[in-house]
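# Architecture at a glance
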Amino acid sequence: MSIDGLDTNNASTSTSTSNSSVSGRSTPDSAIDAQAPTTTITTTTSLVNNSKQQVTSITHHGAKSVSSHINKDGTLSIKPVPAKGRSIRTKTRVHKFEPRISQFDRDNRNYQVNATGFFTLFWIMVFVGLVRTGLHNYEESGLPWGSTFARLISADALMLAVSDGVMVGSTFLCVPFVKMLNRGWIRYWWFGAFIQHVLQTLFLGVAVRWTFHREWPWVQSGFLTLHTLTMLMKVHSYCSTNGEMSDKRHRLRAAEAELESELERVGGRAQAETVAGVVWEGQNGGGGGGEGTTEIDAGKKDKDGSAKTSALSTSDVTSRDFVKPSSPSSSSSPGNLGAGGGGLRRRRGSSQALDPRGYEGESSLSVLTWHPDDKVASLAAEVAELKEALVSTGVAKVQYPQNVTWANFVDYLLVPTLVYELEYPRTDRIRPVYVMEKAAATFGTFSLLVLIVEHYILPYNPSVHEHSFLMTALDLAIPFMVNYLLIFYIIFECIANFFAEVTRFSDREFYSDWWNSVSFDEFSRRWNVPVHTFLLRHVYSTTIATYHFSKFQAAFTTFLLSAAVHELVMAVVTQKIRFYLFIMQMAQLPLIMIGRHPIFKQHPALGNLFFWLGLLSGFPLLAIGYIRY
């Protein structure tokens, strides 16, 4: 056979694996593995018409596990999953941008099959309710709709627009800051990071102070504060991501200089490439399996009738060997190791001959990773991985610092995400009809929201003690919940998709099916994906990688920061500090523990009921608490 695996047409097989690995010491930015892990595959092959069995044990050095599957032709493929040998581990991306559509998008097949009817019914019920409200109000006052809330939200509108424009314009100071980092005028760690956080604190503080100075109503104050927080998250991601890349670029230059010095020590680059090429040929001269795969043809028999091994290709790879994952169609010659998605590491098992002459650029680094000198090999791998960290993984292959431009920053501000990347997945074109549809849905849904506030929330003002606490909570529960759903729809389905279409941003999973959540931790992950992604990368993962927090400590810090920001918004809106929302946010931690009880796993509907009851009761309780007490 010419594929990796076992021919099971006339044989039965069983495979077991055992792994051993050595964990190394890690730092916030990188770490070096002390020894590559190994995987042992034990395969028992027994023929159907023969009682004899053949047991084959193969040890793969540099493999962390083994993957197997049965092919369409009945053959069983067994393939080791490569593991890093000596390589530089950079900070893992916690979110990958890829083309996706939102749950309620009309092009979503799952939505069309499962949710169309109820979605349509919801809007019909809202429309009928508002028509009924308009008719009753016309009979009583001669006007179909009230105008109290409309006058409230339009108060000092011009100054609000100017203030918001100044706030957004101030974010452009990030570009010269990043350019200074790129030119080496200041280093990001730790002086640059300190300046960044001081300026971000000042940015938020000025916006909050301005809302108090203008004495705006709660609508204007809340809008400017929330928009400032959104821009703050964008600014933080832009500066920290580019700052870390500037630090990697500085380390890259130092590593390249050290590598050149080491190459001179061993006789120059040309001689080093020749020696490394000879080592590669020595490792792979008897190969033929390709990438360390194992091939056993159980259809061929030897004289005694037992299954015969037609090809066993297992290279003895030491802890210096670097393995790079690649696509099946990629060449396994060392000159091609620089291509692909993972870090550049040594590769095993190739039947292709090597011409160790004439390598340039990435190909030269690929060859040098096979050099017998430990220092040269590790430096070549470090240089290659640092170069790879400064290039995007998308089709455009944007390379830092080519991204540090005014146009790139404007594009980032318009893209509906809070996490900066060198490159985002894009659609082929902009659909004008889709843009108009989302714009019309935004204004139409906002009109519904205004009418609900006017006729179903303002008349039941919690500050008035005419009704009891319980009756006020019951009166406000349904209107608040409907408005919550409408706000969610406006932000994540209408506005986010509008900007995604204008910028051709194709990863449109701004939310998941949070309404099916059976616990509050599921809800926190699903209902606001952009904020969740930001907190996951820049708070949770950063505290683990940089400050060596445990997972629990990182999760607690994330919830603490989120609760503090929510309380800040309520303090600006109500001009009171009561910590009601802060306590309810932190209460999600024990609620998450309760939601993980086996009874909720056995009965998901019970967990979903528990979640909805908490959400339904939370909004009116908060309103009454902050306004009345």
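Right, let's walk through the structure included here. Not measured: the values here are computed from a predicted model.

Along the polypeptide, Thr228 turns up in helix H7 (residues 218-265). The buried category is assigned to Thr228, whose relative accessible area is 0%. When the C-alpha positions of Thr228 and Asp164 are compared, they lie 8.2 Å apart, and in sequence the two are 64 residues distant. With sequence-adjacent residues up to four places away left out, Thr228 is seen in contact with Met167, Phe203, Leu204 and Ala207.

Further remarks concern the packing of helix H12 (residues 432-457) against helix H13 (residues 469-503). Between two packed helices, what matters for the description is the angle formed by their axes and the separation of those axes. For the pair H12 and H13, the least separation of the axes is 9 Å and the interaxial angle reads 160 degrees. One finds that H12 runs roughly antiparallel with respect to H13. Crossing angle aside, the handedness with which H12 passes H13 is left-handed. A breakdown of the residues in the contact of H12 with H13 according to their chemical character gives 23 nonpolar, 4 polar and 4 charged.

So, about unusual backbone geometry. A cis amide bond, omega 5 degrees, links Trp189 with the succeeding residue Trp190. Locating Trp190 in the fold gives a position in helix H6 (residues 188-214). Across the junction of Tyr400 and Pro401, the peptide omega takes the value 10 degrees, indicating a cis bond. Within the secondary structure layout, Pro401 lies in the loop between helix H10 (374-389) and helix H11 (406-414). Positioned with a positive phi, Asp156 is a non-glycine residue whose angle comes to about 55 degrees. With respect to the helices, strands and loops of the structure, Asp156 is situated in the loop between helix H3 (148-153) and helix H4 (157-170). On the basis of relative accessibility, which here comes to 31%, the residue Asp156 falls in the partly exposed class.

All told, the structure shown has 38 aromatic pairs when counted by the stated rule. Ring centres of Tyr484 and Trp527 lie 5.7 Å apart, and the angle between their planes is 35 degrees; this geometry places the pair in the tilted category. In this pair, Tyr484 is assigned in helix H13 and Trp527 in the loop between helix H14 (520-526) and helix H15 (529-547), connecting sequence segments 43 residues apart. By relative accessible area, Tyr484 is classed as buried at 13%. The class for Trp527 is partly exposed, based on a relative accessible area of 23%. Directly above the aromatic system of Tyr412 lies the positively charged group of Lys234, at a separation of 4.2 Å from the ring centroid. For the cation-ring pair, Arg431 lies above Tyr434, with the distance from its terminal atom to the ring centre recorded as 4.3 Å.

Further remarks concern the pattern of salt bridges. Under the defined criterion, the tally for this structure stands at 16 salt bridges. Where Glu522 meets Arg526, a salt bridge forms, and the shortest distance between an N and an O atom there is 3.5 Å. Remark: Arg526 and Glu522 occur in helix H14; sequence separation between them is 4 residues, near one turn of the helix. The structure contains a network of salt bridges with shared partners spanning Glu262, Arg265 and Asp373.

Here the focus is the packing of H4 against H6. At a minimum axis distance of 11 Å, the contact between H4 and H6 shows a crossing angle of 170 degrees. One way to sum up the angle between H4 and H6 is to call them roughly antiparallel. Facing Met159, Ser163, Met167 and Ser170 of H4, the residues of H6 in contact are Phe203, Trp210 and Arg214. Grouping the constituent residues of the contact of H4 with H6 by class yields 4 nonpolar, 2 polar and 1 charged.

Position of Ser524 relative to the elements: it lies in helix H14. Assessed through its relative accessible area of 26%, Ser524 is described here as partly exposed.

Further remarks concern H10. When the terminal C-alpha atoms of H10 are compared, their 22 Å separation across 16 residues agrees well with the 22 Å that a helix rising 1.5 Å per residue should span. Restricting attention to buried positions, one finds in H10 the residues Val376, Ala377, Ser378, Leu379, Ala380, Ala381, Val383, Ala384, Glu385, Leu386 and Ala389.

What counts, and where the lines are drawn
- Residues numbered from 1 in each chain as written.
- Predicted model: local features only at pLDDT ≥ 70, side-chain atom pairs only at ≥ 80, totals over all residues.
- Heavy atoms only, no water.
- Helix = DSSP H or I, 4+ residues; strand = E, 2+ residues; numbered from the N terminus.
- Buried < 20%, exposed > 50% of the residue type's maximum accessible area, 1.4 Å probe, protein only.
- Contact = heavy atoms within 4.5 Å.
- Axes fitted to C-alpha atoms, helices over the stretch in contact; angles between N-to-C directions.
- Parallel < 35°, antiparallel > 145°, perpendicular 65-115°, else oblique.
- Left-handed = near helix turned anticlockwise from the far one by under 90°.
- Nonpolar A, V, L, I, M, F, W, Y, C, P; charged D, E, K, R; others polar.
- Phe/Tyr/Trp six-rings, centres within 6.5 Å; stacked < 30°, edge-to-face > 60°.
- Lys NZ or Arg CZ within 6 Å of the ring centre and 35° of its normal.
- Salt bridge = Lys/Arg side-chain N within 4 Å of Asp/Glu carboxyl O.
- Expected span 1.5 Å × (residues − 1).

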